[in-house]
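Take a look at the letters that make up each chain.
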Amino acid sequence: MSNTKQTSLVNSSTFQYEDSIDFAIAMDVEDPLRQYRNQFFIPAAGDRKECIYLAGNSLGLQPRKARTYIEQELDDWANLGVEGHFDAKHPWLPYHENLTDMSARIVGAKPSEVVVMNTLTVNLHLMMVSFYRPTKERYKIVTESGAFPSDQYAVASQAKFHGYKPEDAVVELTPRDGESTLRTEDILSLIDKDGDKIALIVLGDVNYLTGQAFEVEKIAHAARLKGCNIGLNLAHGAGNLLLKLHDWDVDFAVWCTYKYLNAGPGGLAGCFVHERHATSFDLPRFAGWWGHNKKNRFKMGPDFDPIPGAEGWQLSNPPIFQLAALRASLEIFDAATMPAIRQKSEKITGYLEYLLHQLPPGFCSIITPQNPDERGSQLSIRLTKDPHEMLTALKKEGAICDFRNPDIIRATPIPLYVKYQDVFDFAKILARFAS
Ligand SMILES: *Cc1c(COP(=O)(O)O)cnc(C)c1O
């Protein structure tokens, strides 16, 4: 797909993988990102002091620096009290600004287009307040069928809020009979056919269940032509795929930071608002004092004077400890760089896929697309054995994956801290269960 084509450096048909421990070790030795694993805490599991952690798409591991950065803020609070807003080593008043440039690089945006604030579903609602503006002729919201439940509730409740029945207003994109992932051509033809009735399209850029990455650029272009707004939920895209939110010209995007971005449980979320809307002050928005002009925020006047750009959508002064944890992780991303992360992601996920294909026939099927351009790090797997029993058994052997209804095991070799040898060991554990 066009958003990642330029980085398809690993073509599994030309890249020669080998089903051997020596090969896996050699890949680790040559891995340009190998030094970053040491910057994370790797949990123990089973007999392994360092487990095979394949659940970073659910909760990323803790950067070693997170504690130091949080402790700095605890110390400054202890020693300075309220003065910490100005006098802390990293003053709290503008603390979120420390994250802006790094976040912008991760999602391919200009700094003025991004802000870290609130949590994901909150940001999704705030964005829909501004970008779901239904009219009598144009009131439909298009989403994926089987979208993450929170997104479904958010979208349906927004339709209701505007007086529409979700059954009527929400249009779900559904894979064809017998297929488990969506075809771009079907999404485009829906937009082409019904675009005049569509007020907003909300898509994940990677589906949380199937691991399918969408051809966002084409979809966004089609949406523009038909005058539909489009927003992305990057919960499984930020820190995983190469993103170009500005160039793709999407209206907004939201993402959580506790999955691929390792900010810790309940970590803060990111929000992108395209530059086109930076000064669209006539758009309805729910306002709070942190979105108000920084120069006179503390004058405490009654009239809301929004900051141009994404920051203007902020509500509250943000939780500094959470920002500190996220800062520790984003610094690692900034050092490693997204192109290098994506390059390893394609290689190591390709290796996992290759090894799964070596398992006895029929034991394991992969529902995630085979084309590296149509997926990120995650492979969604169906096994012939009961998935709950398998997860427990895997954990005993030191491997942590996760499960999603109805029968999917998700295995995600996160490039920053998973080794090729982990992937090899994982496949060997599965092979023992298969026989
Ligand atoms: C993880 C995830 C969420 C979680 O929402 P929170 O508001 O962070 O609890 C929502 N949507 C998608 C697609 C997700 O993957």
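Owing to the predicted nature of the structure, the values given are computational and were not obtained by experimental measurement. (Residues numbered from 1 in each chain as written. Predicted model: local features only at pLDDT ≥ 70, side-chain atom pairs only at ≥ 80, totals over all residues. Heavy atoms only, no water.)

**Observations regarding the domain arrangement of the chain**
Here the chain is described as being made up of domain 1 (5-61 + 337-434) and domain 2 (69-334). Across the boundary between the two partners, domain 1 contributes 35 residues, which contact 25 residues of domain 2. Taken together, both faces of the contact between domain 1 and domain 2 bury some 2,300 Å²; the carbon and sulfur share is 60%. If you sort the residues of domain 1 by the area they bury against domain 2, L59, M338 and I367 come out on top, with a joint share of 21%. Taken together, the links from domain 1 to domain 2 amount to ten residue pairs in polar contact (both at pLDDT 80 or more). Those elements that place two or more of their residues in the side of domain 1 that touches domain 2 are α12 (338-357) and β13 (408-411). It is α12 that contributes the most residues to the side of domain 1 that touches domain 2, five residues altogether. For the side of domain 1 that touches domain 2, a count of residues per class yields 13 nonpolar, 16 polar and six charged. (Domains from an automatic or database assignment. Contact = heavy atoms within 4.5 Å. Buried area = accessible area lost by both parts, 1.4 Å probe. Polar contact = N/O pair within 3.5 Å; in protein donor to acceptor, adjacent residues only side chain to side chain. Helix = DSSP H or I, 4+ residues; strand = E, 2+ residues; numbered from the N terminus. Nonpolar A, V, L, I, M, F, W, Y, C, P; charged D, E, K, R; others polar.)

**A look at a nonpolar patch on the surface**
Residues I21, I25 and V29 make up a contiguous nonpolar surface patch of roughly 230 Å² in combined accessible area. One can find I21 in helix α1 (residues 21-30). (Patch = residues over 30% accessible without salt bridge, like charges linked within 9 Å, V, L, I, M, F, W, Y side chains within 5 Å. Areas by Shrake-Rupley, 256 points an atom, 1.4 Å probe, with all protein chains shown as cover. Salt bridge = Lys/Arg side-chain N within 4 Å of Asp/Glu carboxyl O.)

**Some points on the sheet that holds β13**
Across the sheet, four strands lie side by side as β9-β10-β13-β12; this open sheet has antiparallel pairing. Strands at the two margins of the open sheet, each flanked by one partner only, are β9 (364-366) and β12 (402-404). Mean inter-strand twist for the sheet, computed between neighbouring axes without regard to direction, equals 35 degrees. Taken together, the three bridges between β12 and β13 define a ladder with antiparallel strand orientation. Looking at β13, one finds that F403 is bridged to I409. (Pairing = 2+ DSSP bridges. Axes fitted to C-alpha atoms, helices over the stretch in contact; angles between N-to-C directions.)

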